[in-house]
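Spelled out, the chains give:
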Amino acid sequence: MRPLDGVRVLDLTRLLPGAYATLLLADLGADVVKIEDPRGGDGMRTLGPRAGGRTVYFEQLNRGKRSVTLDLRAPEAAAILAALVARADVVVDSFRPSTARRLGVDAETLRARHARLVCASISGFGHTGPYAERAAHDINYQALAGLLKPPALPGPLVGDIGAAMQAAIGILAALIQRQRTGEGSFVDVPIHEAALAWSMFPTTDDLMHACYTIYETSDGEWLALGALEPKFWRGFCERIGRPDLVPLQHATGDDRSRVLDEVRAIMRSRSRAEWLAAFADADVCLTAVYTRDEVAVDPHVVARRGSARPNRRAPALGADTDAVLEEAGVTEDARSQLRAARII
């Protein structure tokens, strides 16, 4: 038995933030029903690389969920949605506030009918403030949070990922609160504020010294060194034959540049495999820089993924529509009419 077994989550979200938030819940045992537009479904289905006829990112973010097609803009959809909400513990959306109200999926509307319902909304700028109705994506949230360093493009979508984690945590807290009070609540998660949270933390650039950086090897591969603690730096310097560099771990100015240049030259003298072999028994925080293909076959990754969760693939668009609607009391004849009208 998993912690969220028996918890039903209705996922009205699109793209990464909502998908990752509900994936975290699905991995904890929640029954996540993903509501998708019958005209193509979640846009993530067509974004990014493909493998085996499926989009890699969609597959990774939506495994273990069920997919129901429903055109939320159609008037006939309201009754179907109401039947699904009546069976749900949590509803998650990613609409702008005005869109959520227009579709009747905002927290105020839903919780007026279902007081125990936990409603979570992952939106760009939250449900209050002058930017509440603005359209934006992760690159915009990072830009407004002061995280970008032009002309370099940002790396991971930290606003989206951070918002997903905040949403999952907020939902879990709301479910605990409901156990105590009997009442649901509203979880407001602005992606912009999730991006702002990252500005509190140091970056690799802030920490970069000879002890904390990446080094190219003779075969054009790379190694990452994270020897922040003095004991790790000392062990690294001794293993490369330069104990004289130990006092210069956090050197500044010309000394900092000199140490970096000297260590770079040393690391370029051997291949990645040779260095990994040389450090195999050394506890100094030195690792290979993997490609994605190498990550997939790393023995630790394979071992953890093989034991951590059930291997249920992401659903095909609408694959669970009939089963879920039947559970909600929608008859076969009604489903046939809805399907003929392209509402499901």
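Data block above holds the structure.
Everything numeric here is computed off the predicted structure, so don't read it as measured data. (Residues numbered from 1 in each chain as written. Predicted model: local features only at pLDDT ≥ 70, side-chain atom pairs only at ≥ 80, totals over all residues. Heavy atoms only, no water.)

K.L.:
I'd like to hear about the overall build of the chain, residue by residue, with values.
P.N.:
Scanning the chain from N- to C-terminus turns up 16 helices and 11 strands. Seen along its three principal axes, the alpha-carbon backbone of the chain occupies a region of about 80 × 45 × 40 Å. Considering only contacts in the chain between residues 6 or more positions apart, those separated by 24 or more positions represent 69%. Carbon and sulfur atoms provide 54% of the accessible area of the chain, an area that totals close to 18200 Å². Seen as two clouds, the 42 positive and the 44 negative side-chain charges of the chain have centres 3 Å apart. (Helix = DSSP H or I, 4+ residues; strand = E, 2+ residues; numbered from the N terminus. Contact = heavy atoms within 4.5 Å. Areas by Shrake-Rupley, 256 points an atom, 1.4 Å probe, with all protein chains shown as cover. Lys, Arg positive; Asp, Glu negative; His and termini not counted. Charge placed at Lys NZ, Arg CZ, Asp CG, Glu CD.)

K.L.:
Before we move on, could you go through the layout of surface pockets and cite the residues and values that matter?
P.N.:
Taken as a whole, the largest pocket spans an internal volume of roughly 1700 Å³. Lining the largest pocket are 49 residues, and of these Leu16, Met44, Tyr57, Gln60 and Leu61 lie nearest its centre. Of all elements in the fold, only α1 (15-27), β4 (54-55), α2 (56-62), α4 (97-103), β7 (118-123), α6 (138-144), α13 (292-297) and α14 (299-308) reach the threshold of two or more residues within the lining of the largest pocket. Grouping the amino acids of the lining of the largest pocket by side-chain chemistry returns 25 nonpolar, 9 polar and 15 charged. (1 Å grid on protein atoms, 1.4 Å probe; cavity = no way out; pocket = protein on both sides within 12 Å on 5 of 7 lines; lining within 4 Å. Points joined across faces, edges and corners; volume = space filled by probe spheres on them. Nonpolar A, V, L, I, M, F, W, Y, C, P; charged D, E, K, R; others polar.)

K.L.:
Tell me about unusual backbone geometry, and please be specific about residues and values.
P.N.:
Pro151 follows Pro150 through a cis peptide bond whose omega is 5°. When you line up the elements, Pro151 lands in the loop between α6 and α7 (158-181). Of note in the backbone geometry, Leu15 takes a positive phi value of approximately 65° without being a glycine. Considering the arrangement of structural elements, one finds Leu15 in helix α1. The phi dihedral of Cys285 is positive, around 65°, even though this residue is not glycine. With respect to the helices and strands, Cys285 occurs in the loop between α12 (272-278) and β11 (286-288).

K.L.:
How would you summarise the pairing of strand β10 (residues 222-226) if you had to cite specific residues and measurements?
P.N.:
On β10, burial follows the alternation: Leu223 and Leu225 on one face are buried, whereas Trp222, Ala224 and Gly226 on the facing-out side are not. Sheet topology places strand β9 (residues 212-216) next to β10; 5 bridges connect them, and they run antiparallel. Its bridge partner lying in β10, Thr213 is registered against Leu225. Remark: 5 residues form the turn of the hairpin made by β9 and β10, two consecutive strands paired antiparallel; Gly220 in that turn has positive phi of roughly 80°. Where β10 lies against β11, 3 bridges are found, and the strand directions are antiparallel. When the sheet's bridge partners are listed, Ala224 is paired in β11 with Thr287. (Buried < 20%, exposed > 50% of the residue type's maximum accessible area, 1.4 Å probe, protein only. Pairing = 2+ DSSP bridges.)

K.L.:
Outline the packing of aromatic side chains, supporting the account with residue identities and numerical values.
P.N.:
Within this structure, the stated rule accounts for 6 aromatic pairs. Ring centres of Trp198 and Phe201 lie 6.2 Å apart, and the angle between their planes is 80°; on these two criteria the pair is classed as edge-to-face. Given the relative accessible area of 46%, Phe201 is considered partly exposed. The interplanar angle of 15° and the centroid separation of 5.6 Å between the aromatic rings of Phe236 and Phe279 together place this pair among those described as stacked. With a gap of 43 residues between them, Phe236 in helix α10 (residues 230-239) and Phe279 in the loop between α12 and β11 connect regions that are remote in the sequence. What makes Phe236 buried here is its relative accessible area of 0%. On the accessibility criterion, Phe279 (5% relative accessible area) is buried. Taken together, the ring pairs in this structure connect Trp233, Phe236, Trp275 and Phe279 into an aromatic cluster. Its end group placed over the ring of Tyr131, Arg134 keeps NZ or CZ at 3.9 Å from the ring centre. (Phe/Tyr/Trp six-rings, centres within 6.5 Å; stacked < 30°, edge-to-face > 60°. Lys NZ or Arg CZ within 6 Å of the ring centre and 35° of its normal.)

K.L.:
Can you lay out the sheet that holds β11 for me, pointing to particular residues and giving the numbers?
P.N.:
Neighbouring strands of a sheet are bound in pairs by backbone hydrogen bonds; such pairs are parallel or else antiparallel. Read across the open sheet, the 3 strands follow the order β9-β10-β11; overall the sheet is antiparallel. With one partner strand each, in any of the chains shown, β9 and β11 form the two edges of the open sheet. On average, adjacent strands in this sheet sit at an angle of 25° to one another, irrespective of strand direction. (Axes fitted to C-alpha atoms, helices over the stretch in contact; angles between N-to-C directions.)

K.L.:
Mind laying out empty space enclosed by the protein, listing which residues take part and the relevant values?
P.N.:
Using the criterion set out here, one finds 1 cavity of 30 Å³ or more in the structure. By volume, the largest cavity amounts to about 120 Å³. Lining the largest cavity are Arg8, Val9, Leu10, Asp31, Val33, Arg66, Leu84, Arg87, Ala88, Val324 and Glu327. Looking at the lining of the largest cavity element by element, the count peaks at 3 residues for strand β1 (residues 8-11).

K.L.:
Tell me about the environment of Ser123, and name the residues and values.
P.N.:
Structurally, the position occupied by Ser123 is in strand β7. For the pair Ser123 and Ala328, spaced 205 residues apart in sequence, the C-alpha separation works out to 28 Å. Beyond its immediate sequence surroundings of up to four residues, Ser123 is in contact with Phe95, Asp188, Val189, Pro190 and Ile191.

K.L.:
Got a sec to walk through the sheet that holds strand β5 (residues 66-69)? Specific residues and values, please.
P.N.:
The 6 strands are arranged β5-β2-β1-β6-β7-β8 in an open sheet whose pairing can be described as parallel. Single-partner strands in this sheet number two, and they are β5 and β8 (186-190). Ignoring which end each strand starts from, the neighbouring axes of this sheet average 20° apart. As paired strands, β1 and strand β6 (residues 90-93) are joined by 3 bridges and run parallel to one another. Bridged to Leu10 within β6 is Val91. Lying on the sheet, α7 is in contact with β6, β7 and β8; it crosses β8 at an angle near 170°.

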